[in-house]
Amino acid sequence: MWYNNILETIGNTPLVKLNKVTSDVKATVLAKIETRNPGNSIKDRMALKMITDAEEAGLLKPGGTIIEGTSGNTGMGLAMAAIIKGYKCIFTTTDKQSKEKVDALRAFGAEVIVCPTNVEPEDPRSYYSVSSRLQREVPNSWKANQYDNLSNSQANYEQTGPEIWEQTDGKITHLVVGVGTGGTISGAGRYLKEKNPNIKVWGIDTYGSVFKKYKETGEFDKDEIYPYITEGIGEDFLPENVDFSVIDHFEKVTDKDAALMTREITRKEGIFAGNSTGAAVAGLLQMKDKLSEGDLVVVIVHDHGTRYLGKMFNEDWLRERGFMKDEKLTAGSILDNRESQEIVTIDAGQSVLEAINTIKMLNISQLPVTQHDMVVGKVTESDILNALLEHPSAKSFKVLDVMTKPFPFVDLNTSIDKISSLINKENTAVLVEDKTGKLEIITQFDIISAMSA
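Being a predicted model, the structure only gives us computed values, none of them experimental.

About the criteria used
- Residues numbered from 1 in each chain as written.
- Predicted model: local features only at pLDDT ≥ 70, side-chain atom pairs only at ≥ 80, totals over all residues.
- Heavy atoms only, no water.
- Salt bridge = Lys/Arg side-chain N within 4 Å of Asp/Glu carboxyl O.
- Helix = DSSP H or I, 4+ residues; strand = E, 2+ residues; numbered from the N terminus.
- Buried < 20%, exposed > 50% of the residue type's maximum accessible area, 1.4 Å probe, protein only.
- Contact = heavy atoms within 4.5 Å.
- Pairing = 2+ DSSP bridges.
- Phe/Tyr/Trp six-rings, centres within 6.5 Å; stacked < 30°, edge-to-face > 60°.
- Axes fitted to C-alpha atoms, helices over the stretch in contact; angles between N-to-C directions.
- Left-handed = near helix turned anticlockwise from the far one by under 90°.
- Nonpolar A, V, L, I, M, F, W, Y, C, P; charged D, E, K, R; others polar.
- Expected span 1.5 Å × (residues − 1).
- Parallel < 35°, antiparallel > 145°, perpendicular 65-115°, else oblique.

Engineer: Which residues make up the pattern of salt bridges, and what values go with them?
Structural biologist: Two side chains carrying opposite charge are able to pair once their charged atoms lie near each other. Counted by the stated rule, this structure contains 26 salt bridges. Between Glu231 and Lys311 there is a salt bridge, with the nearest N and O atoms lying 2.9 Å from each other. Pair noted here: Glu231 is in the loop between α8 (211-217) and β9 (249-253) and Lys311 is in the loop between β10 (296-301) and α11 (315-320), with a separation of 80 residues, a long-range link. Both residues of the pair, Glu231 and Lys311, belong to the buried class. For Arg319, the salt bridge identified is with Glu315, shortest N-O distance 3.1 Å. With Arg319 and Glu315 both in helix α11 and four residues apart, the pair spans about one turn of that helix.

Below is the structure:
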């Protein structure tokens, strides 16, 4: 058996039992592995449905351009379908999205415009507004509008819901889904509730999003809105695809808990899932006391972990945000474990001779260079030697004339692995501010001492 094209492989994804991460949950928990779709996410389903419906309605015409504001997964589904069907794609996204997502869209031939995250949806710079402007300006274009295009939720009503019902033999009692556009939870949830009104549909929200409070109070509270890191869920407006009547409860999950659970799912279950899945499982664990042994829970695995290699699966990224602290040496622990020492700097306006005398007197090999109390460069023994070989009179030069790029700055949580990777022939040290804001330098010798302690 074979398929005529890649689009025919969308859907019919497996259910897999979770064991270790849900060991404290009385219910049976099954993961709907949507990463098995060709675009590695559940968004393949609705992307194809939106395009097909637009074609039938005459909104998307041959040779046209598909425009969309997307965090990456919907764009992937649209781009894949566009290749098969002969369309161009222009996508807008936010600067908080992982580099892997943007690179993947461009790999499929799409044009990607990155917009600022921390602006209102109505702001002309927002990725919603830019995509709407492009739709007006680009001839023969169609905006998919995944948030308000009800083909999104209809795709999940027609596909995801029925698959879950059949795969569980109608025994499902709870559906847990991360809520972004609302298409998955509203479509699949509506189908399942039509089959059995007693099924509970739980939506996973994030702090900084409006969904939970709106569901519980009917109030759209702008004070609930603030920047967050979790990708793929939460919103600062109310998409038409979010059917609040289908969703029984919203559970908020912190950025930290979502990020760490994303890693746990991979390490304990062997399922390489993305950030919104981490949020969904973390939210489920927060609600475990609402479940009993006879319950059968289905959690949607929205997308693939490869899209988060630079973030949730990067330990330095986690440490920089205070999400992870482990036994590995960091810049902070190196400073804590060595004797207190004053960093010596030299002003850019001082002479090279003064730099030579300072280096000789203190028996050091490099000096950070400052100007108006700001680090603007460095001067090393090699820099001075090269200057003297080229200009014998370089002793009278200003340090500004011979200095090179400053040492890299690192965070107190930066790991020793990262620090070591920054130290090379050009950079023999790194700079860091301690907890009081005082400037410190970490040299190769400091790293060797810390590792041999």
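Having put the structure on the table, let's press on.
Engineer: An account of the environment of Pro162 is requested, with residue identities and associated values reported.
Structural biologist: With respect to the secondary-structure elements, Pro162 resides in helix α6 (residues 160-167). A relative accessible area of 12% places Pro162 in the buried class. Linking Pro162 and Ala188, residues 26 residues apart in sequence, is a C-alpha distance of 7.7 Å. Apart from residues lying up to four places away in sequence, Pro162 is in contact with Asn156, Tyr157 and Tyr191.

Engineer: Which residues make up the sheet that holds strand β11 (residues 346-347), and what are the values?
Structural biologist: In space, the three strands of this open sheet follow the order β11-β12-β13, with mixed pairing throughout. Edge positions in the sheet fall to β11 and β13 (374-380), since each of these pairs with one other strand and no more. One ladder, built from six bridges, connects strand β12 (residues 366-371) with β13; its direction is antiparallel. Pairing of Pro368 across the sheet is with Lys378, part of β13.

Engineer: Which residues make up the packing of aromatic side chains, and what values do they have?
Structural biologist: To describe a pair of aromatic rings, you give the distance between the ring centres and the angle between the ring planes. Overall, the coordinates contain 11 aromatic pairs when judged by the stated rule. Summarising the aromatic geometry, the rings of Tyr157 and Tyr191 are spaced 5.7 Å apart at their centres and angled 75° between planes, so their arrangement reads as edge-to-face. Note that Tyr157 is positioned in helix α5 (residues 151-158) and Tyr191 in helix α7 (residues 183-195), a separation of 34 residues in sequence. Grouping residues by exposure puts Tyr157 and Tyr191 together as buried. Plain terms: the ring middles of Phe211 and Phe250 are 5.8 Å apart, the flat faces sit at 25° to each other, and that makes the pair stacked. Taken together, the residues Phe211 in helix α8 and Phe250 in strand β9 connect sequence positions 39 residues apart. Of the residues examined, Phe250 reaches a relative accessible area of 1% and is grouped as buried.

Engineer: Residue-level account of the packing of helix α1 (residues 43-56) against α5, with values.
Structural biologist: Axis separation between α1 and α5 bottoms out at 8 Å; the angle between their running directions is 115°. Two packed elements cross with a definite hand, and for α1 against α5 that hand is right-handed. Contact with α1, carried on its side by Arg45, Met46, Lys49, Met50 and Asp53, involves Ser151, Asn152, Gln154, Ala155, Asn156 and Glu158 of α5 and no other residues of that element. The residue makeup of the contact of α1 with α5, split by class, is three nonpolar, four polar and four charged.

Engineer: Give a detailed account of α7, specifying residues and quantitative values.
Structural biologist: Across its 13 residues, α7 extends 18 Å between first and last C-alpha, which sits within 8% of the 18 Å expected from 1.5 Å per residue. Extensive coverage of α7 is indicated by the burial of 10 of its 13 residues. Within the span of α7, buried status applies to Gly183, Thr184, Ile185, Ser186, Gly187, Ala188, Gly189, Tyr191, Leu192 and Lys193. On its buried face, α7 sits against α5, α6, β7 (174-178), β8 (200-206) and β10.

Engineer: Tell me what's going on with the sheet that holds β7, and back it up with residues and numbers.
Structural biologist: What links the strands of a sheet is backbone hydrogen bonding, and the strands pair in either a parallel or an antiparallel sense. The sheet built from six strands is open, its strands ordered β1-β2-β10-β7-β8-β9 with mixed pairing. Each end of this open sheet is capped by a strand with a single partner; those strands are β1 (15-17) and β9. Pairwise comparison of adjacent strand axes, ignoring direction, gives a mean angle of 30° for this sheet. Two elements, strand β2 (residues 28-33) and β10, share six bridges in a ladder whose sense is parallel. By the bridge assignment, Ile33 is partnered in β10 with Val301.

Engineer: I'd like a description of the pairing of β2, backed by residues and values.
Structural biologist: A large share of β2 lies buried, amounting to five of its six residues. In this sheet, β2 lies alongside β1 in antiparallel orientation, the contact comprising three bridges. Note on β2: the bridge partner recorded for Leu15 is Lys32.

Engineer: Now, about the packing of helix α13 (residues 352-362) against helix α14 (residues 381-390): what can you tell me, with residues and values included?
Structural biologist: Direction vectors running N to C along α13 and α14 enclose 140°, while the axes themselves pass 11 Å from each other. Looking at the two axes, α13 sits oblique to α14. Pair α13 / α14 crosses with left-handed handedness. For the pair α13 and α14, the contacting residues are Val352, Ala355, Ile356 and Ile359 in the first and Glu381, Ile384 and Leu388 in the second. Here the residues of the contact of α13 with α14 sort into six nonpolar, no polar and one charged.

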